[in-house]
Amino acid sequence: MQTKDDLANALGISKSKLTYFAYAVSDKRKYVSFYVKKRSGGKRVIHAPNRGLKAIQRSLAILLSEIYQPSNPHCNHGFGRNRDIITNAQSHIGRRYLFKCDLKDFYPSINGARIFGVLTAAPFNFSDEVAHLIAMLSTKDGALPQGAPTSPVLSNIIIRKLDRKMMNFAKSSGGLYTRYADDITISYRTISMTRSAIDSDGNISDRLRHIIEHEDFTLNESKTRLLTKRNRQIVTGVVINEKLNVKRGYIRDLRNLIYILVRYGESDAVNAYNKHHLFDKSAKDIKRVIEGRIKFLERVRGREDAVVLKLIGMYQQHDKGFRTDKAPPYDDNKIETFKVRLLAEGKTDYKHLQIAFEFFAESNLYPSLDLNLEPHPDIEGIKHLEAHVKVLEKVTLEHLHIAIYDSDDKTINERYANGPKQLGSDLYGFTLPRPGHLPADQPFCIEMLYTPKDLTTPDENGRRIFLIDEFDRNTNHHKQDKRITTNNKSWDKLIIDDKVFRLDENHNIESINLSKAAFASFIEKRKTAGDPPDLHAFKAIFDMIDKIARTYYGKNTSELGEKIDIIKT
C-alpha cells in the first residue's frame, strides 16, 4: 500500500475524509475522555473516538489484522478470536508458581514513531505517506489511546518481538508465558525454575528486565509478584488454584444486584450499580451487565454449577425468557460476532473448511465470524444439498445460512456466475472461488484448492489422493507412471478416492490411494504436526462469508470498507 488513494480505497472512504480525520480535526474534537474505576482502585482514563473516526479505526483494525499474522499466537490472549481473560488463565491451571508483572503505561508508551516504524517494515511495507496517515488516525497526543479500536491490534503488532523473547526466556527455564494486553504471566512447576525471573528477595532478574527494556517497555514494579499454591492465584481476574473460579465478591455482588432488580426494579438496581462505578448505566444497560456477568460466571464455573443455576433462577424471576446459551458473555470490548451455519456438499468439505478457518483464526483473522461447521447429517452430495436449499428458501431461519457449492456443475456455475446470491430471507449461496493455480475453465472441488504439491504429497505409508485427470481414460493407466492404474468406472468425478493400485518391483499389487476422508485427516495431521499445507486459496471463501454476514447483519456500512453486491432471486 503506497499511496493515500490506496489506503482510502482499502478503508472504503474518500481521500478527503481520510485527510480530514488525519490532519484537519484536532485530537480534542476527535475524542471524548472519561474515567472508569479500576478493580484494583484508582481511575483509568478512556479516550473514546467520535463516530466518524471510530468507523475509520474499525476498518483500519480489520485491514491490519488481515495483513499481520502473529508468529506466536498461542501466548497472546488479548483481543483475538476465542482468546480472552479466561483462556489466558486456563493456560496456567496446575502450575505451582505464578510470576506476574505488567507493563507500565502500556498504550501511552507506544507512540506514533513506533507505529510508523513497524508499518514501513515487513510484513506491511507501507510507504512513509501511508504509515504516517495510519499513525495520525490511530493516536491521541502522539500515543495509542485506550478506547480506540485500532489500539489493541497495533499494540499486538508492536509487542510481537517482546512476546517472542519472553516465550524463549520462559521456555529456557521450564516456564509457560502468556500475555493479555499489558498483563504478563509466567507459570512454573518448581521454585528453582522461578529464579530465572525473580530471586528469593523478590528482585527481578537483570536478564528479564533487560529483555523488557530492550523492547522499549517498562516494568510496573508495584505489580510484580510471585504467587504459590498457598496464595490465592489469580490470572487476569480469574482464580486458578484448583480449577477456574471467580472471587467470592464477584458472586456476592452479582447476587445482591439481581436481588435489588427483582425486588425493587430496574431504577434501584441502576442506582446500586452506580454507587461503585464512575459512569452511569441506564436501565437497559443494567440488564446487559447482569446477563453478561451470569454468562461470564457460567464460562468460568460451568453450565451445571449449582451457584450458576441458582443465579439464573433468581434472574429469571425478572426475565423468564433468559437463557445463557443464546449469546456469548456481554463484554464492552468484545468484538461483535455473526452466527453463520455453513452447508456444504460433502462431509469432508466441512473438515477442510474447519482446518482452514482455524489456521486463519490463529492469526486473528475473521474474529467476528461464529461458524457452525458441523457436517449436516442429511446432506451427502450436490443433490441432497440442492434439495435442502429448496426447503430452506421458503422458511424463516434463526440466523444466517450459507450454502457453498463445488465449481463442477454447469447449472450451479451459471446460477452463481455473477457472485453470491440471496436465496431466501436468511439463506445465501455461492460457488468456491477459483484459486490462482487452476485454469479458468477447469471444474474443481474443495480438495483442488490445495496446491498441486500438497495434493500429491503422500502420507507416511506412501498413499495420496488422485485426480481423475491424472489417468488415461482408455487404458486406466496413470499418465506419468504406468505402474499405477485404476479400476475406476465413473469418469464424471474429479477425485478418485478408491481403486488406485501400483505394481511394485516384485509384481505385487498395493493400494496407494487415500479416500477423501483419509486425505482430510492427513491434512489435519500435517497442520497439527506443524507442517500445514498451503491454505491461502481458502481465504477467498472466508472473505466471501464475512462480507455476506456483514450484509445480512446490517454491518456492511462505509465504516467496514468494501461492499458486496448480492443478487436477489
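These numbers come from a predicted model, not from an experiment. (Residues numbered from 1 in each chain as written. Predicted model: local features only at pLDDT ≥ 70, side-chain atom pairs only at ≥ 80, totals over all residues. Heavy atoms only, no water.)

Engineer: Please clarify how helix H12 (residues 248–264) should be interpreted in this entry.
Structural biologist: What sets the pattern is the α-helix's 3.6 residues per turn: residues three or four places apart point alike. Its 17 residues give H12 an end-to-end C-alpha distance of 24 Å, which sits within 8% of 24 Å, the value for a rise of 1.5 Å per residue. Considered for burial, the residues of H12 that qualify are Gly249, Ile251, Leu254, Leu257, Ile258 and Leu261. Count one or two residues on from H12 and you reach Gly265, which has phi positive near 105°. (Helix = DSSP H or I, 4+ residues; strand = E, 2+ residues; numbered from the N terminus. Expected span 1.5 Å × (residues − 1). Buried < 20%, exposed > 50% of the residue type's maximum accessible area, 1.4 Å probe, protein only.)

Engineer: Would you mind going over the nonpolar core with me for this structure?
Structural biologist: Soluble globular proteins tend to bury their nonpolar side chains together. Core analysis: the largest hydrophobic core is formed by 56 residues, its most contacted members being Leu7, Leu64, Phe99, Leu119, Met166, Ile186 and Phe217. Contacts of Leu64, omitting those with residues within four sequence positions, involve Leu119, Phe124, Phe126, Val153, Leu154 and Ile157. Within the second largest apolar cluster, 43 residues are counted, among which are Tyr428, Leu514, Phe522 and Ile541. (Core = buried A, V, L, I, M, F, W, Y, C linked by side-chain atoms within 4.5 Å. Contact = heavy atoms within 4.5 Å.)

Engineer: Honestly, the pairing of strand S5 (residues 183–188) in this entry has me stumped. Any pointers?
Structural biologist: Along a regular strand, successive side chains alternate from one face of the sheet to the other. Counting buried residues in S5 gives five out of six residues, a clear majority hidden from the surface. Inspection of the sheet shows strand S3 (residues 97–102) paired to S5 by six bridges, in the antiparallel sense. Each residue of the ladder has a partner; that of Asp102, found in S5, is Asp183. Summarising the sheet, strand S4 (residues 176–180) and S5 pair through five bridges and their orientation is antiparallel. The residue of S5 that forms the bridge with Tyr180 is Asp183. If you look at the hairpin formed by S4 and S5, you'll find two residues sitting between the two strands, and Ala181 has a positive phi there, around 55°. (Pairing = 2+ DSSP bridges.)

Engineer: For this particular structure, what's the right way to read the packing of helix H4 (residues 51–67) against helix H8 (residues 150–158)?
Structural biologist: Packed helices, taken two at a time, are described by the angle their axes make and the gap between the axes. Orientation of H4 relative to H8, taken along the N-to-C sense of each, is 30°, at an axis distance of 8 Å. Here H4 lies roughly parallel to H8, going by the angle between them. For H4 against H8, the interelement crossing comes out left-handed. Every residue of H8 that contacts H4 at Gln57, Leu60, Ala61, Leu64 and Ser65 is listed here: Thr150, Val153, Leu154 and Ile157. Considering only residue class, the contact of H4 with H8 consists of six nonpolar, three polar and no charged. (Axes fitted to C-alpha atoms, helices over the stretch in contact; angles between N-to-C directions. Parallel < 35°, antiparallel > 145°, perpendicular 65-115°, else oblique. Left-handed = near helix turned anticlockwise from the far one by under 90°. Nonpolar A, V, L, I, M, F, W, Y, C, P; charged D, E, K, R; others polar.)

Engineer: Is there a simple way to explain the sheet that holds strand S18 (residues 509–511) in this structure?
Structural biologist: In any sheet, the strands associate via hydrogen bonds between backbone groups, in a parallel or an antiparallel arrangement. Strand order in the open sheet made by the three strands is S15-S17-S18, with antiparallel pairing throughout. Two strands close off the open sheet at either side, each with one partner strand: strand S15 (484–486) and S18. Direction aside, the axes of adjacent strands within the sheet are offset by 35° on average. Bridge count between S15 and strand S17 (residues 500–503): three bridges; the pairing is antiparallel. Bridged to Thr486 within S17 is Val500.

Engineer: Help me out: how do you make sense of the pattern of salt bridges in this one?
Structural biologist: Side chains that carry opposite charge are capable of pairing whenever their charged atoms lie near each other. Applying the stated criterion across every chain yields a total of 22 salt bridges. The salt bridge partner of Arg252 is Asp253, with a shortest N-O separation of 3.6 Å. Under the relative-accessibility criterion, Arg252 is labelled partly exposed at 46%. For the salt bridge of Arg301 with Asp305, the shortest nitrogen-to-oxygen distance reads 3.0 Å. The partly exposed category is assigned to Arg301, whose relative accessible area is 26%. Overall, the relative accessible area of 15% leaves Asp305 in the buried class. (Salt bridge = Lys/Arg side-chain N within 4 Å of Asp/Glu carboxyl O.)

Engineer: I tried to follow the confidence of the model for the protein chain on my own but got confused; where do I start?
Structural biologist: Residues at a pLDDT of 70 or more form 92% of the protein chain, whose mean pLDDT is 86. Within the model, the stretch residues 326–335 combines pLDDT values under 50 with 17 contacts to residues more than four positions away or in other chains. Contacts from residues 555–569, a stretch scored under 50 in pLDDT, to residues over four places away or in other chains number 44 contacts. (pLDDT = per-residue confidence, 0-100.)

Engineer: What am I meant to see in the sheet that holds S3 here?
Structural biologist: In spatial order, the strands read S4-S5-S3-S6; together these four strands make up an open sheet with antiparallel pairing. Strands at the two margins of the open sheet, each flanked by one partner only, are S4 and strand S6 (225–227). Averaged over all adjacent pairs, the angle separating strand axes in this sheet is 20°, with direction ignored. Strands in contact with helix H9 (residues 160–172) are S4 and S5; relative to S4, the strand with the most contacts, it is inclined by about 150°.

Engineer: How should I be thinking about the packing of aromatic side chains in this particular structure?
Structural biologist: Here the distance between the centres and the angle between the planes together describe a pair of aromatic rings. Summed over the entire model, instances satisfying the criterion amount to 19 aromatic pairs. Plain terms: the ring middles of Tyr20 and Phe21 are 5.3 Å apart, the flat faces sit at 85° to each other, and that makes the pair edge-to-face. Residue classification places Phe21 among the buried residues on the basis of a relative accessible area of 9%. Ring geometry for Tyr259 against Tyr264: centres 6.4 Å apart, planes inclined by 80°, an arrangement best described as edge-to-face. Given the relative accessible area of 40%, Tyr259 is considered partly exposed. Through a chain of ring-to-ring contacts, three or more aromatic side chains come together here, namely Phe357, Phe359, Phe360, Tyr366 and Phe542. When the ring centre of Phe217 is taken as reference, the NZ or CZ atom of Arg114 above it lies at 4.6 Å. Over the aromatic face of Phe466 sits the side chain of Arg464, whose NZ or CZ is 3.9 Å from the ring centroid. (Phe/Tyr/Trp six-rings, centres within 6.5 Å; stacked < 30°, edge-to-face > 60°. Lys NZ or Arg CZ within 6 Å of the ring centre and 35° of its normal.)

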